Structures are given as C-alpha cells and as structure tokens.
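# Chains, contacts and geometry: an overview
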Amino acid sequence: MTTLPFFPPDLFDHDRDLLLETVRRIGTDPAQRFILGERTAAFEAALREHTGAADVIACGSGTGALMLVLRAMDIGPGDEVVVPALGCAPLAASVVNVGATPVFADVHPWTMVVEPYEVETAITEQTAAIMPAHMFSVMADMPTLSALAERHGVRLVEDSAVAQGGVLGGLPAGRWGDAGVYSFVQVKTFGTIGEGGAVVTDDAALGQLVRMLRNHGQDGRTRFVHHAIGYNSRFDEIIADYQLHRLSGLAERLERRARIAEYYTERFADLADRGIQAPPPGRDGRCYYVYCLLAERREDLRRHLAHRGVGTHVYYPTPLPAQPAFAQYARSRRFWPHAELAGARMLALPIYPHLTDAQVEHIADSVCAF
Ligand SMILES: *Cc1c(COP(=O)(O)O)cnc(C)c1O
C-alpha cells in the first residue's frame, strides 16, 4: 500500500520547468538584480490587484511581516498586544522582538480561532493592538474584532499568514485589519520554494513606513540615507517571478482544497457524538490551509490512520503561554482551557490539491472505519 504523506514532497513538481526557466532567466539577466527589483514590484502590483488593497509590501517572511507592521505602528516597550493562546510561535515572538508584551487570549473550542470576548477581557490601558490569527480552515471573527478594536482605540493586526485567498463577508483575508500579513513558506496555501512574506494595508503612510523598514530604513531612492532603524526583510527576485506565475492557479488550488474539505465534512457528520468533530462547514470565512479534526482518542486515531498509510500532523500540542519561551508572559490567574483541549485533540488530515478522488475517499474511509 502506498503511503500518503501529510507534507507532500511533490508539491512543486508541476512547476519544475517553470522554476528552472525562472532561475536561468534571472541568473543570466545582464542586470544581475536578485532582490527588490522589477519582479518584486510586479509581484506586489499583482497582489494589490488580487486583494484590492491600497498597498502590498513583499518582505522576507511572514514573521518579518508581523514585526514590520508592529514597528511601523510604533509598538514597543510598555505596549501590550493581545494574541491567541493557541497558534504558532511568531504570534508571540514578533511582539516580544519589538520590545512589547504579548497577552494571551483563549480560543473558541470548535473553530480554534481567538474568542472576541477573551480578547476584550485582556485589554488594558497598555494595550496598543490586538492581533487575531486565522487558524487551520477558519478565519477569525473579524467583524466583531474590528468593532472591538475601534471601540477600545487599539490597532488591529490581522495574522492572515495561512488564509491568503480566503474571503469573509466579501472582504479578503488580509484586508480586515489596519494591516494584514501573508507567508509564502513552503507549507502555506500560497507556499513557495523558499522564504517570503507580505504586508497588506490600506493605510498609505503605514505601507510607506513598512517599505522603508524592510530595507534598513532607506526610502528606495537614496542609498545609505536611513530614515529609521529597520531590518533586513527584503524579497527575492526569483521567488517573486515564480510566485507571479503561480498566482493565477491559486484560486483553483484553493477550490480543490475546499471541495476535499466539503467531502470530508460530509463523511464525518455522524462522528460528532462518537468522539470525532469535523471543522465547521461552509465557504464564507473559510480557507482550507489545513483540515483539522478534534478527536477524543487522538493518538489512537493517528496510529490507526498510519496503519492505513495515511500521514497526519499534530499542530500546536502546547499552547503559547505554556511554552518555556513565553511562560513569563502568561498572566497569573488567567487560563486557556480551550487552547489546552485543542492541543490535546487536534489532528490534521492531508488536504493538498493534487490528492486524487480515490485517495481522498481512502482517507475518509479510514477515519470512518476507526
Ligand atoms: C506561518 C505563520 C507565520 C510565520 O510565517 P513565516 O513565513 O514562517 O515566518 C505567522 N503566523 C501564522 C499564523 C503562521 O501560520
């Protein structure tokens, strides 16, 4: 029996010739320009058009994008940023790395995105921003969170690293916050052959500052004049050109993911009262980066699927405030029971677009057999 890996090694096989062609073209171009050139500018323009945002700034990574946004908002020592208790390290690390303090808010037990009520109770006089993140397949409750940000006079940073291509109430992921971010690291929905990220914003002044900060505070016109203390978070020309070509196929790949998810969710509908909960169905505010079950007997299910040749993955078994690196920021007498429970129960199934219908069926059959 063939094994279906959770992370497919052949994700880019289809575009291999395109990649080799891109490397040859840029590598032999007399201009010999490898970062922040015309291809990066063209990629940014394509993403502007794709999202409808006023400005898109390509940068070194999704983590870099978060830090650039926080710095451009002048968030630093003495400021607090409310982040989800469940999620990846950059959510808390980006805040700490600009000198500010992350404050953790618990998530919803089913959708696993941050709970607006928990965000609101975490807001203090020091809060400068709230930073919800879209998770797995569900976009955070952005209408409620953006009303909340407005009511409390704090900035809204949208970590849309995993939801590029998702749309909620007609507005694309990345457009809900004062700024949003994308990540192009391999495993993301618009992943690539290396590192990359982007900041998306309608705030022209913020965009201009991010653009300067990504290249050591220079304005792109005069070299060696540093208007601000920035970072090296520049963008690669080969990746820009490659992603520019792949952008047109993104909607189709996301559609295939959504159809696989729909099939899974239909097949798993009867399992809810037998210890396996499928993610919330629907299309609005969904983006199938990862298809995540909540299983009471997670480890047993995982073994069962492995025996049937189905690779799975466990995301975030330990909530951020329980991590050694971030425990010092966990406020006393605050708890994250839903993040803990999700960490103990979630199990992600393969959902990449080039799974065949027969493979998808085999995965669903295997879960139902358990
Ligand atoms: C992947 C990810 C990031 C960081 O992106 P990188 O490109 O890996 O730096 C940030 N936030 C979330 C929610 C992510 O999933």
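Residues numbered from 1 in each chain as written. Predicted model: local features only at pLDDT ≥ 70, side-chain atom pairs only at ≥ 80, totals over all residues. Heavy atoms only, no water.

Note the cut-off: UniProt positions are given in the numbering used here, feature names are shortened, and annotations may be inferred rather than shown by experiment.
As annotated in an unreviewed UniProt entry, the chain carries the name DegT/DnrJ/EryC1/StrS family aminotransferase and comes from Actinokineospora fastidiosa. The UniProt entry for the chain carries the following comment under Sequence similarities (unreviewed entry): "Belongs to the DegT/DnrJ/EryC1 family."

## Concerning the overall build of the chain
Rules: The secondary structure listing takes helices from DSSP runs of H or I that are at least 4 residues long and strands from runs of E that are at least 2 residues long, numbered from the N terminus. Radius of gyration here is computed from C-alpha atoms only, and the compact-globule reference equals 2.2 Å multiplied by the residue count raised to the power 0.38. The buried label goes to any residue with under 20% of its type's maximum accessible area, the exposed label to any with over 50%, and the partly exposed label to all in between, with areas taken from a 1.4 Å probe on protein chains only. Any two residues having at least one pair of non-hydrogen atoms within 4.5 Å are treated as being in contact. We get accessible surface area from the Shrake-Rupley algorithm with a probe of 1.4 Å; when it comes to residues, only the shown protein chains can shield them.
Of regular secondary structure, the chain possesses 12 helices and 12 strands. Relative to its length of 370 residues, the chain is compact, with a C-alpha radius of gyration of 21 Å against a globular reference of 21 Å. Dimensions of the chain, computed from C-alpha atoms along their principal axes, come out at roughly 65 × 55 × 35 Å. For the chain, the residues scored as buried account for 54% of the 370 residues in total. For the chain, long-range pairs separated by at least 24 residues make up 70% of all intrachain contacts whose partners lie at least 6 apart in sequence. Only carbon and sulfur atoms are counted for the fraction: they give 52% of the accessible area of the chain, which is about 16,200 Å².

## Structural notes on the UniProt feature "active site" (unreviewed entry) in the chain
UniProt marks Lys188 with the feature "active site" (unreviewed entry), using the numbering shown here. A relative accessible area of 15% means that Lys188 is categorised as buried. If near-sequence neighbours (up to four positions away) are discounted, Lys188 is found in contact with Ala161, Val162, Ser183 and Tyr289.

## Quick word on the pairing of strand S9 (residues 197-201)
When a strand is regular, its side chains alternate between the sheet's two faces. Operational definition: Strands qualify as paired when DSSP identifies two bridges or more between them.
Where burial is concerned, most of S9 is hidden: 5 out of the 5 residues are buried. Judged by which residues are buried, S9 turns out to be covered on both faces: Gly197, Val199 and Thr201 on one side and Ala198 and Val200 on the other are all buried. Bridge analysis of strand S1 (residues 55-59) against S9 gives 5 bridges, and the strand direction is antiparallel. Counterpart to Cys59 in the pairing with S9 is Gly197. Bridge count between strand S8 (residues 179-183) and S9: 4 bridges; the pairing is antiparallel. Residue pairing in the sheet places Val181 in a bridge with Val199 of S9.

## Thoughts on the packing of aromatic side chains
Applicable threshold: Only centres within 6.5 Å qualify two rings of Phe, Tyr or Trp (six-membered ring in Trp) as a pair; their planes then separate them into stacked at under 30 degrees, edge-to-face at over 60, and tilted for everything else.
Considering all chains together, one arrives at 16 aromatic pairs under this definition. Taking the centre distance of 4.8 Å and the plane angle of 90 degrees together, the rings of Phe6 and Phe7 count as edge-to-face. Given a relative accessible area of 39%, Phe7 falls into the partly exposed group. Seen in terms of ring centroids, Tyr288 and Tyr291 are 6.5 Å apart; in terms of plane orientation they differ by 25 degrees. Their pairing is stacked. A relative accessible area of 5% means that Tyr288 is categorised as buried. Among the aromatic residues, those joined into a ring-pair cluster are Phe6, Phe7, Phe136, Tyr315 and Tyr316.

## A short note on the side chain of Thr192
Our working definition: Think of a polar contact as two N or O atoms within 3.5 Å of one another; within protein, one of them needs to be a possible hydrogen donor and the other a possible acceptor, and neighboring residues in sequence only count if both atoms come from side chains.
Positionally, Thr192 belongs in the loop between S8 and S9. Within polar-contact distance, the side chain of Thr192 engages the side chain of Gln243 at 3.2 Å. With residues up to four places along the chain from it excluded, the contact list for Thr192 reads Phe12, Phe184, Val185, Gln186, Ile239, Tyr242 and Gln243.

## Here we look at the sheet that holds strand S2 (residues 80-84)
Quick reminder of the rule: Axis lines are fitted through C-alpha atoms, for helices just across the contact stretch, and the angle between N-to-C directions can take any value from 0 to 180 degrees.
The 7 strands are arranged S1-S9-S8-S5-S4-S2-S3 in an open sheet whose pairing can be described as mixed. In this open sheet, the two strands that pair with only one neighbour each are S1 and strand S3 (101-105). Along the sheet, successive strands turn relative to each other by an average axial angle of 25 degrees, direction set aside. Helix H4 (residues 90-97) rests against S2, S3 and strand S5 (155-159) of the sheet, and its axis sits at about 150 degrees to S3. Helix H7 (residues 204-213) rests against S1, S8 and S9 of the sheet, and its axis sits at about 15 degrees to S1.

## Side note on the site of the ligand
The following threshold applies: Here, proximity means that at least one heavy atom of the residue falls within 4 Å of the molecule or strand. In this count, Pro and Cys sit with the nonpolar residues alongside Ala, Val, Leu, Ile, Met, Phe, Trp and Tyr, while Asp, Glu, Lys and Arg are called charged and the others, Gly among them, polar.
Close contacts around the ligand come from Ser61, Gly62, Thr63, Cys88, Pro90, Asp159, Ala161, Val162, Ser183, Val185, Lys188 and Gly196, and that covers them all. Gly62 is positioned such that a nitrogen or oxygen atom in its backbone is 2.8 Å from an oxygen atom of the ligand. Here a nitrogen atom of the ligand sits 2.6 Å away from a polar atom, N or O, in the side chain of Asp159. Surface burial for the ligand is 88%, taken as the share of its 380 Å² of free accessible area covered by protein chains. Among the residues making up the shell around the ligand, the classes are represented as 5 nonpolar, 5 polar and 2 charged.

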